[in-house]
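# Fold and geometry: a report
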Amino acid sequence: MASLNTQSRKHARKQQIRPLAGSLLALAIGFGVATAHADDALPKLATKTPLKVGFAQTESNNPWRLAETKSFKDIAAKCGWQVVMTDANGSNSKQVSDIQSMIAQHVDLLVFPPREEKPLAPVVLQAKKAGIPVILVDRDVDQSVAKAGRDYITFIGSDFIDQGHRAADWLVKATGGKAKIIELEGTTGASAANDRKKGFDEIIAKNPGMTIIASQSGDFARDKGRQVMETLLQAHPEVTAVYAHNDEMALGAIAAIKAAGKQPGKDIQIVTIDGTKGGMDAIAAGELGASVQSSPFFGPLACDVAQRYAKGEKIPTWVKVSDRFYDKSNVQQSMQYGY
Ligand code: AHR
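Let me begin by describing the structure that accompanies this report.

Procedures and definitions
Residues numbered from 1 in each chain as written. Predicted model: local features only at pLDDT ≥ 70, side-chain atom pairs only at ≥ 80, totals over all residues. Heavy atoms only, no water. Pairing = 2+ DSSP bridges. Helix = DSSP H or I, 4+ residues; strand = E, 2+ residues; numbered from the N terminus. Axes fitted to C-alpha atoms, helices over the stretch in contact; angles between N-to-C directions. Right-handed = clockwise from strand over helix to strand, strands pointing away. Disulfide = S-S within 2.5 Å. Buried < 20%, exposed > 50% of the residue type's maximum accessible area, 1.4 Å probe, protein only. 1 Å grid on protein atoms, 1.4 Å probe; cavity = no way out; pocket = protein on both sides within 12 Å on 5 of 7 lines; lining within 4 Å. Points joined across faces, edges and corners; volume = space filled by probe spheres on them. Domains from an automatic or database assignment.

### A short note on the sheet that holds strand S11 (residues 269-274)
Within a beta sheet, neighbouring strands are joined by backbone hydrogen bonds and run either parallel or antiparallel to one another. Strand order in the open sheet made by the six strands is S9-S8-S10-S11-S12-S14, with mixed pairing throughout. This sheet does not close on itself; its edge strands, each paired only once, are strand S9 (210-217) and strand S14 (325-327). This sheet shows a mean twist of 15° between the axes of neighbouring strands, independent of strand direction. The sheet contact formed by S11 and strand S12 (residues 290-293) spans four bridges and is parallel. Bridging across to S12, threonine 272 finds its partner in serine 291.

As C-alpha coordinates, then:
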(Lines give C-alpha, C1' and ligand atoms only; values in the text may rest on other atoms or scores of the structure.)
Protein backbone atom coordinates (compact mmCIF):
# COMPACT_ATOMS: atom_id res chain seq x y z
CA MET A 1 0.00 0.00 0.00
CA ALA A 2 1.30 3.44 -0.81
CA SER A 3 0.52 6.44 1.30
CA LEU A 4 1.00 10.04 0.34
CA ASN A 5 3.62 11.90 2.25
CA THR A 6 3.92 15.65 2.27
CA GLN A 7 7.31 16.17 3.92
CA SER A 8 9.45 18.69 2.07
CA ARG A 9 13.10 18.20 1.20
CA LYS A 10 15.97 20.63 0.72
CA HIS A 11 15.18 20.87 -2.99
CA ALA A 12 11.47 21.45 -2.36
CA ARG A 13 10.04 18.20 -3.60
CA LYS A 14 6.45 18.59 -2.59
CA GLN A 15 4.78 15.23 -2.94
CA GLN A 16 6.11 11.77 -2.44
CA ILE A 17 4.79 8.30 -1.91
CA ARG A 18 6.03 5.73 0.56
CA PRO A 19 6.01 2.24 -0.90
CA LEU A 20 6.44 -0.72 1.43
CA ALA A 21 9.91 -2.21 1.03
CA GLY A 22 10.28 -5.06 -1.40
CA SER A 23 6.94 -4.89 -3.17
CA LEU A 24 5.61 -3.19 -6.27
CA LEU A 25 3.20 -0.54 -5.30
CA ALA A 26 0.72 1.69 -6.95
CA LEU A 27 1.86 5.22 -7.63
CA ALA A 28 -0.50 8.03 -6.78
CA ILE A 29 -1.85 9.57 -9.93
CA GLY A 30 -1.85 13.29 -10.28
CA PHE A 31 0.65 14.17 -7.58
CA GLY A 32 4.14 15.53 -7.56
CA VAL A 33 5.04 16.34 -11.14
CA ALA A 34 6.60 19.75 -11.37
CA THR A 35 4.91 22.13 -13.79
CA ALA A 36 7.18 22.32 -16.82
CA HIS A 37 7.31 24.73 -19.74
CA ALA A 38 6.67 23.16 -23.13
CA ASP A 39 10.37 23.15 -24.00
CA ASP A 40 11.07 21.57 -20.60
CA ALA A 41 8.90 18.53 -21.32
CA LEU A 42 10.44 15.23 -20.29
CA PRO A 43 11.31 12.76 -23.07
CA LYS A 44 8.69 10.08 -23.68
CA LEU A 45 9.37 6.39 -23.02
CA ALA A 46 8.51 3.77 -25.63
CA THR A 47 6.19 0.89 -24.66
CA LYS A 48 8.12 -1.69 -26.72
CA THR A 49 9.67 -5.00 -25.58
CA PRO A 50 12.51 -5.44 -25.07
CA LEU A 51 13.29 -2.00 -23.77
CA LYS A 52 16.99 -1.18 -23.84
CA VAL A 53 17.85 0.12 -20.37
CA GLY A 54 21.22 1.49 -19.27
CA PHE A 55 22.14 0.92 -15.62
CA ALA A 56 25.35 2.73 -14.61
CA GLN A 57 26.59 1.54 -11.19
CA THR A 58 29.01 3.66 -9.13
CA GLU A 59 31.19 0.87 -7.72
CA SER A 60 30.85 -2.71 -6.52
CA ASN A 61 32.90 -2.67 -3.34
CA ASN A 62 30.28 -3.53 -0.76
CA PRO A 63 27.22 -5.76 -0.15
CA TRP A 64 24.84 -2.83 -0.55
CA ARG A 65 26.07 -2.07 -4.10
CA LEU A 66 26.01 -5.76 -5.03
CA ALA A 67 22.43 -6.10 -3.77
CA GLU A 68 21.40 -3.02 -5.76
CA THR A 69 22.95 -4.33 -8.98
CA LYS A 70 21.39 -7.76 -8.40
CA SER A 71 17.94 -6.25 -8.02
CA PHE A 72 18.27 -4.83 -11.56
CA LYS A 73 19.61 -8.12 -12.96
CA ASP A 74 16.74 -9.99 -11.30
CA ILE A 75 13.98 -7.73 -12.61
CA ALA A 76 15.28 -7.42 -16.20
CA ALA A 77 13.53 -10.44 -17.75
CA LYS A 78 10.31 -9.90 -15.78
CA CYS A 79 10.17 -6.28 -16.83
CA GLY A 80 11.02 -6.92 -20.48
CA TRP A 81 14.29 -5.03 -20.17
CA GLN A 82 17.50 -5.68 -22.03
CA VAL A 83 19.93 -4.13 -19.54
CA VAL A 84 23.31 -2.62 -20.44
CA MET A 85 25.36 -2.45 -17.22
CA THR A 86 28.53 -0.56 -16.36
CA ASP A 87 30.58 -0.13 -13.18
CA ALA A 88 32.40 3.17 -12.60
CA ASN A 89 34.80 1.67 -10.02
CA GLY A 90 34.35 4.62 -7.68
CA SER A 91 35.10 7.31 -10.28
CA ASN A 92 32.71 10.16 -11.06
CA SER A 93 34.33 10.79 -14.43
CA LYS A 94 34.00 7.11 -15.40
CA GLN A 95 30.35 7.10 -14.39
CA VAL A 96 29.80 10.20 -16.55
CA SER A 97 31.54 8.63 -19.54
CA ASP A 98 29.68 5.31 -19.01
CA ILE A 99 26.40 7.23 -19.18
CA GLN A 100 27.55 9.27 -22.19
CA SER A 101 28.36 6.05 -24.00
CA MET A 102 24.85 4.72 -23.20
CA ILE A 103 23.41 7.95 -24.61
CA ALA A 104 25.51 7.43 -27.77
CA GLN A 105 24.11 3.87 -28.02
CA HIS A 106 20.57 5.35 -27.87
CA VAL A 107 19.33 3.31 -24.93
CA ASP A 108 15.57 3.77 -24.38
CA LEU A 109 15.87 4.53 -20.66
CA LEU A 110 18.68 5.42 -18.26
CA VAL A 111 18.63 4.39 -14.60
CA PHE A 112 21.50 5.21 -12.27
CA PRO A 113 22.63 6.14 -8.76
CA PRO A 114 24.65 9.38 -9.18
CA ARG A 115 27.91 8.87 -7.28
CA GLU A 116 28.12 12.55 -6.31
CA GLU A 117 25.44 15.24 -6.49
CA LYS A 118 27.29 17.85 -8.56
CA PRO A 119 29.51 16.02 -11.09
CA LEU A 120 26.65 13.77 -12.22
CA ALA A 121 24.01 16.50 -12.69
CA PRO A 122 25.05 17.76 -16.19
CA VAL A 123 24.84 14.30 -17.77
CA VAL A 124 21.17 14.14 -16.73
CA LEU A 125 20.61 17.22 -18.90
CA GLN A 126 22.60 15.64 -21.75
CA ALA A 127 20.32 12.59 -21.66
CA LYS A 128 17.23 14.81 -21.71
CA LYS A 129 18.64 16.70 -24.69
CA ALA A 130 19.20 13.38 -26.48
CA GLY A 131 15.55 12.45 -25.81
CA ILE A 132 16.34 9.70 -23.27
CA PRO A 133 14.26 9.60 -20.07
CA VAL A 134 16.16 9.15 -16.80
CA ILE A 135 15.20 7.61 -13.45
CA LEU A 136 17.62 8.29 -10.58
CA VAL A 137 17.82 5.65 -7.88
CA ASP A 138 19.45 5.59 -4.42
CA ARG A 139 21.24 8.98 -4.61
CA ASP A 140 20.13 12.28 -6.10
CA VAL A 141 21.76 15.10 -8.09
CA ASP A 142 22.13 18.82 -7.42
CA GLN A 143 18.62 20.24 -7.89
CA SER A 144 19.93 23.66 -8.92
CA VAL A 145 21.30 21.99 -12.08
CA ALA A 146 18.90 19.13 -12.87
CA LYS A 147 15.47 18.94 -11.32
CA ALA A 148 13.23 15.92 -10.73
CA GLY A 149 10.01 16.15 -12.74
CA ARG A 150 11.56 18.64 -15.15
CA ASP A 151 14.86 17.10 -16.26
CA TYR A 152 14.40 13.50 -15.11
CA ILE A 153 11.34 11.45 -14.28
CA THR A 154 11.88 10.91 -10.57
CA PHE A 155 14.20 10.07 -7.71
CA ILE A 156 13.52 6.67 -6.12
CA GLY A 157 15.20 6.43 -2.75
CA SER A 158 15.29 6.74 1.02
CA ASP A 159 15.05 9.87 3.11
CA PHE A 160 18.71 10.15 4.12
CA ILE A 161 18.10 13.07 6.48
CA ASP A 162 15.54 10.99 8.34
CA GLN A 163 18.03 8.09 8.50
CA GLY A 164 20.49 10.48 10.22
CA HIS A 165 17.77 11.56 12.66
CA ARG A 166 16.91 7.96 13.53
CA ALA A 167 20.56 7.03 14.08
CA ALA A 168 21.07 10.07 16.35
CA ASP A 169 17.86 9.43 18.32
CA TRP A 170 19.03 5.90 19.06
CA LEU A 171 22.47 7.12 20.16
CA VAL A 172 21.03 9.79 22.45
CA LYS A 173 18.95 7.11 24.21
CA ALA A 174 21.75 4.52 24.31
CA THR A 175 24.21 6.94 25.88
CA GLY A 176 21.81 8.76 28.18
CA GLY A 177 22.51 11.95 26.23
CA LYS A 178 26.25 11.98 27.01
CA ALA A 179 28.80 11.05 24.34
CA LYS A 180 31.99 12.06 22.58
CA ILE A 181 31.33 11.01 19.00
CA ILE A 182 33.48 10.17 16.01
CA GLU A 183 31.52 10.46 12.73
CA LEU A 184 32.68 8.39 9.76
CA GLU A 185 31.23 10.09 6.70
CA GLY A 186 30.42 8.49 3.38
CA THR A 187 31.73 9.59 -0.01
CA THR A 188 32.26 13.36 0.05
CA GLY A 189 29.76 15.05 -2.25
CA ALA A 190 27.32 12.12 -2.34
CA SER A 191 23.73 12.98 -1.39
CA ALA A 192 23.72 9.97 0.96
CA ALA A 193 26.69 11.39 2.89
CA ASN A 194 25.54 15.02 2.83
CA ASP A 195 22.05 14.24 4.09
CA ARG A 196 22.99 11.54 6.60
CA LYS A 197 25.41 14.03 8.15
CA LYS A 198 22.84 16.84 8.14
CA GLY A 199 20.17 14.71 9.82
CA PHE A 200 22.48 13.28 12.49
CA ASP A 201 24.25 16.56 13.29
CA GLU A 202 20.88 18.38 13.65
CA ILE A 203 19.78 16.09 16.49
CA ILE A 204 23.19 16.05 18.18
CA ALA A 205 23.25 19.87 18.18
CA LYS A 206 20.08 19.83 20.31
CA ASN A 207 21.74 17.65 22.96
CA PRO A 208 24.29 19.62 24.99
CA GLY A 209 25.87 16.48 26.47
CA MET A 210 26.70 15.09 23.03
CA THR A 211 29.71 16.36 21.04
CA ILE A 212 31.06 15.36 17.64
CA ILE A 213 34.78 15.42 18.38
CA ALA A 214 35.89 14.41 14.84
CA SER A 215 34.18 13.86 11.49
CA GLN A 216 36.01 12.44 8.49
CA SER A 217 35.19 10.59 5.28
CA GLY A 218 35.77 6.83 5.06
CA ASP A 219 34.29 6.81 1.53
CA PHE A 220 31.61 4.24 2.42
CA ALA A 221 34.35 1.55 2.37
CA ARG A 222 35.28 -0.95 5.10
CA ASP A 223 39.05 -0.69 4.90
CA LYS A 224 39.03 3.11 4.59
CA GLY A 225 36.69 3.22 7.60
CA ARG A 226 39.12 1.07 9.56
CA GLN A 227 42.11 3.22 8.63
CA VAL A 228 40.35 6.50 9.45
CA MET A 229 39.12 5.09 12.76
CA GLU A 230 42.64 3.89 13.66
CA THR A 231 44.00 7.40 13.18
CA LEU A 232 41.10 9.12 14.94
CA LEU A 233 41.29 6.72 17.91
CA GLN A 234 44.89 7.78 18.47
CA ALA A 235 44.04 11.47 18.23
CA HIS A 236 40.86 11.15 20.35
CA PRO A 237 41.24 8.37 22.95
CA GLU A 238 38.33 9.94 24.86
CA VAL A 239 35.82 8.78 22.19
CA THR A 240 32.72 7.01 23.56
CA ALA A 241 30.56 6.67 20.42
CA VAL A 242 30.81 6.22 16.65
CA TYR A 243 28.29 7.16 13.97
CA ALA A 244 29.20 5.58 10.63
CA HIS A 245 27.26 6.54 7.49
CA ASN A 246 27.18 2.87 6.45
CA ASP A 247 27.60 -0.62 7.88
CA GLU A 248 30.83 -1.32 6.02
CA MET A 249 32.64 1.61 7.67
CA ALA A 250 31.14 0.60 11.04
CA LEU A 251 32.59 -2.91 10.59
CA GLY A 252 35.95 -1.33 9.75
CA ALA A 253 35.68 0.85 12.88
CA ILE A 254 34.88 -2.23 15.01
CA ALA A 255 38.10 -3.86 13.78
CA ALA A 256 40.10 -0.71 14.64
CA ILE A 257 38.49 -0.43 18.10
CA LYS A 258 39.34 -4.07 18.90
CA ALA A 259 42.90 -3.60 17.64
CA ALA A 260 43.21 -0.65 20.04
CA GLY A 261 42.25 -2.94 22.95
CA LYS A 262 38.76 -1.48 23.47
CA GLN A 263 35.40 -3.25 23.35
CA PRO A 264 32.94 -2.14 20.67
CA GLY A 265 29.41 -2.00 22.10
CA LYS A 266 30.74 -1.50 25.65
CA ASP A 267 33.56 1.07 25.72
CA ILE A 268 32.31 2.61 22.48
CA GLN A 269 28.67 2.59 21.28
CA ILE A 270 28.26 2.37 17.50
CA VAL A 271 25.30 3.27 15.30
CA THR A 272 25.17 3.00 11.54
CA ILE A 273 23.00 2.81 8.39
CA ASP A 274 22.28 0.09 5.77
CA GLY A 275 21.05 -3.10 7.44
CA THR A 276 23.43 -5.46 5.68
CA LYS A 277 23.81 -9.06 6.81
CA GLY A 278 27.26 -8.16 8.22
CA GLY A 279 25.80 -5.26 10.17
CA MET A 280 23.00 -7.40 11.56
CA ASP A 281 25.44 -10.12 12.64
CA ALA A 282 27.47 -7.45 14.47
CA ILE A 283 24.31 -6.29 16.29
CA ALA A 284 23.56 -9.91 17.28
CA ALA A 285 27.16 -10.18 18.58
CA GLY A 286 26.67 -7.06 20.72
CA GLU A 287 29.41 -5.10 18.93
CA LEU A 288 27.16 -2.82 16.89
CA GLY A 289 24.32 -1.04 18.65
CA ALA A 290 21.89 -0.34 15.82
CA SER A 291 21.57 0.02 12.06
CA VAL A 292 18.94 2.03 10.18
CA GLN A 293 18.03 0.04 7.08
CA SER A 294 18.63 1.67 3.69
CA SER A 295 16.97 -0.51 1.10
CA PRO A 296 19.07 -1.22 -2.03
CA PHE A 297 16.26 -3.06 -3.87
CA PHE A 298 15.39 -0.51 -6.53
CA GLY A 299 14.99 -2.80 -9.56
CA PRO A 300 11.26 -3.64 -9.05
CA LEU A 301 10.39 -0.04 -8.16
CA ALA A 302 12.22 1.32 -11.22
CA CYS A 303 10.40 -1.20 -13.43
CA ASP A 304 7.05 -0.16 -11.98
CA VAL A 305 7.76 3.56 -12.40
CA ALA A 306 8.99 3.07 -15.99
CA GLN A 307 5.90 1.10 -17.01
CA ARG A 308 3.55 3.67 -15.51
CA TYR A 309 5.49 6.55 -17.04
CA ALA A 310 5.40 4.88 -20.48
CA LYS A 311 1.60 4.63 -20.18
CA GLY A 312 1.42 8.38 -19.56
CA GLU A 313 0.81 8.31 -15.81
CA LYS A 314 2.08 11.18 -13.73
CA ILE A 315 4.93 10.18 -11.44
CA PRO A 316 5.77 11.87 -8.11
CA THR A 317 9.14 13.64 -8.14
CA TRP A 318 10.29 11.52 -5.19
CA VAL A 319 9.27 7.88 -4.85
CA LYS A 320 10.23 7.49 -1.27
CA VAL A 321 11.35 4.16 0.15
CA SER A 322 10.58 3.41 3.79
CA ASP A 323 13.27 1.73 5.85
CA ARG A 324 13.33 -0.63 8.81
CA PHE A 325 15.45 -0.23 11.96
CA TYR A 326 17.46 -2.94 13.70
CA ASP A 327 18.85 -3.16 17.20
CA LYS A 328 19.24 -5.97 19.74
CA SER A 329 15.47 -5.97 20.37
CA ASN A 330 14.54 -7.18 16.85
CA VAL A 331 17.66 -8.24 14.98
CA GLN A 332 17.21 -12.01 15.38
CA GLN A 333 13.70 -12.02 13.93
CA SER A 334 14.71 -9.61 11.13
CA MET A 335 17.63 -11.61 9.72
CA GLN A 336 15.68 -12.48 6.54
CA TYR A 337 15.89 -8.81 5.46
CA GLY A 338 19.70 -8.76 5.56
CA TYR A 339 21.64 -8.82 2.30
O1 AHR B 1 23.91 5.59 -1.35
C2 AHR B 1 23.73 4.56 -0.44
C3 AHR B 1 25.02 4.20 0.23
O4 AHR B 1 25.99 3.88 -0.74
C5 AHR B 1 24.96 2.97 1.10
O6 AHR B 1 24.70 3.27 2.43
C7 AHR B 1 26.35 2.47 0.99
O8 AHR B 1 26.58 1.25 1.61
C9 AHR B 1 26.57 2.64 -0.44
O10 AHR B 1 27.85 2.51 -0.92
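### Some words on the pairing of S9
In the case of a regular strand, side chains alternate between the two sheet surfaces. Bridge count for strand S8 (residues 179-185) against S9 is seven bridges, and the pairing is parallel. Paired with alanine 179 across the two strands is methionine 210, which belongs to S9. Running through helix H5 (residues 191-205), the crossover from S8 to the neighbouring parallel element S9 is right-handed.

### Quick notes on the state of the cysteines
Applying the stated criterion across every chain yields a total of one disulfide. Between the sulfur atoms of cysteine 79 and its disulfide mate cysteine 303 the distance is 2.1 Å. Handedness of the cysteine 79-cysteine 303 disulfide follows from its S-S torsion of about 100°: it is right-handed. Placement of cysteine 79 in helix H1 (residues 63-79) and of cysteine 303 in helix H9 (residues 299-310) is noted, with a sequence separation of 224 residues between them. Neither cysteine 79 nor cysteine 303 differs from the other in exposure class; each is buried.

### Observations concerning empty space enclosed by the protein
One pass over the structure, following the stated rule, counts two cavities of 30 Å³ or more. Taken as a whole, the largest cavity encloses approximately 130 Å³ of empty space. Lining the largest cavity are 16 residues, with Asn62, Arg65, Arg139, Phe220 and Asn246 sitting closest to its centre. Every element with two or more residues in the lining of the largest cavity is listed here: H1 and H5. For the lining of the largest cavity, the domains that each give at least three residues are domain 2 (51-157 + 297-322) and domain 3 (160-295 + 327-337).

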